[in-house]
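# Report on the structure
Spelled out from the first residue to the last, the chains are:
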Amino acid sequence: MKTKTPRKPVGWKNTFDKVLSLEKCPPGENLPAKYHDDFKFIDRMRLDIKTLIRNKEIQVRQSTVKNDNVTDISRSLDVHGYLHDKYPPVVIRKKEVVNSKTVEIFELWIGNNRINAAEKIYWKDFPCDVYECSNPKAVLTASCTTNHHKGPFKVMTKDDYLNVMIKAAYGTKTNPRILGNGKKPTRDEIQEYAEEITGSMVKPS
């Protein structure tokens, strides 16, 4: 028996219209205005998920990636496909010398839940906004403030913000502290940065 429901082509759920995406979500507008000039937009492109560098040092939403958010997003992707009215994950492109050769690496700073969700339904690649940025404070701040929204994605938790503050004040194994000009930051500096990254999500205290 024939159905009147139109059939969609194979692979329609993972179809990415770059022109439509750029029209609905112009690059850079989701980044904090204070650091806008620190980011150089390279391209919006589909990247192989396996090539993205993801580790605890560059992920700010440690608490939320373990909840049901990934499941919710994967269901949305499976039903609706790629949503062109949502900004794609943000990737920072860096160049490193390996065996005397310069290679490009891509660090995923914003969008870990969406990448995990895409993996959950066996997508091999995902559209990402690729930037270059030499200001570590700009990158860390953007990874927080781009989550200041309402929608299907859960906001950061208090533990997530504390995680960011620890990184900013004390640094990590591979990333130096970004507050205090290399020295121990003052209480006022910490308070000011807390207000900057939390916005109206949680009380800075």
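Up top you'll find the structure we're talking about.
Sequence order sets the numbering: in each chain, residues are counted from 1 along the sequence as written. Two thresholds apply to this predicted model, a pLDDT of at least 70 for residue-level local features and 80 or more for giving and counting side-chain atom pairs, whereas whole-chain, interface and lining totals are computed over all residues. Hydrogens and water molecules were not included; the side-chain quantities draw on all heavy atoms of the structure.

## Considering the overall build of the protein
The numbering of helices and of strands both runs from the N terminus, where a helix is a DSSP run of H or I of at least 4 residues and a strand a run of E of at least 2. Across its full length, the protein holds 6 helices and 5 strands. In sequence order, the protein lays out its α and β elements as α-β-β-α-β-β-α-β-α-α-α. By the burial criterion, 41% of the 205 residues in the protein qualify as buried. By sequence separation, contacts in the protein at least 24 residues apart represent 77% of the contacts at least 6 residues apart. Carbon and sulfur atoms make up 52% of the accessible area of the protein, which amounts to about 12500 Å² in all. Exposure classes here rest on a 1.4 Å probe applied to the protein chains alone. A residue is buried below 20% of its type maximum, exposed above 50%, and partly exposed in between. The contact criterion used throughout is that any non-hydrogen atoms of two residues lie within 4.5 Å. Throughout, the Shrake-Rupley method with a 1.4 Å probe supplies accessible areas, and for residues the shown protein chains are the sole cover considered.

## Some thoughts on the pairing of strand 4 (residues 101–110)
Pairs of strands are assigned from DSSP output, requiring at least two bridges between the strands. Pairing of strand 2 (residues 52–53) with strand 4, which is carried by 2 bridges, proceeds in the parallel orientation. Considered in strand 4, the bridge of L52 is made with F106. Bridge analysis of strand 3 (residues 90–98) against strand 4 gives 9 bridges, and the strand direction is antiparallel. Bridging from a neighbouring strand, K95 pairs with E104 of strand 4.

## Remarks on the packing of helix 5 (residues 158–170) against helix 6 (residues 187–198)
To get an axis, fit a line to the C-alpha atoms, keeping to the stretch in contact for a helix; angles then go from 0 to 180 degrees between the N-to-C directions. Viewed as axis vectors pointing N to C, helix 5 and helix 6 meet at an angle of 135°, and their least axial separation amounts to 11 Å. Considered as vectors, helix 5 and helix 6 are oriented oblique to each other. For the pair helix 5 and helix 6, the sense of crossing is right-handed. Only I190, Y193, A194, I197 and T198 of helix 6 make contact with helix 5, whose side of the interface consists of Y161, V164, M165 and A168. Class assignment of the residues belonging to the contact of helix 5 with helix 6 gives a composition of 8 nonpolar, 1 polar and no charged. Should an angle fall under 35 degrees it is called roughly parallel, over 145 degrees roughly antiparallel, and 65 to 115 degrees roughly perpendicular, with every other angle called oblique. Whether a crossing is left-handed or right-handed is set by the direction in which the near helix is turned from the far one by less than a right angle, anticlockwise for left-handed and clockwise for right-handed. Put simply, Ala, Val, Leu, Ile, Met, Phe, Trp, Tyr, Cys and Pro go in the nonpolar bin, Asp, Glu, Lys and Arg in the charged bin, and everything else, Gly too, in the polar bin.

## Section: the sheet that holds strand 4
As summarised here, the arrangement of the 5 strands in space is 1-5-3-4-2, forming an open sheet in which the pairing is mixed. Each edge of the open sheet is held by one strand with a lone partner, namely strand 1 (40–48) and strand 2. Helix-sheet contacts for helix 3 (residues 112–120) involve strand 2, strand 4 and strand 5 (125–132), and the interaxial angle to strand 4 is about 100°.

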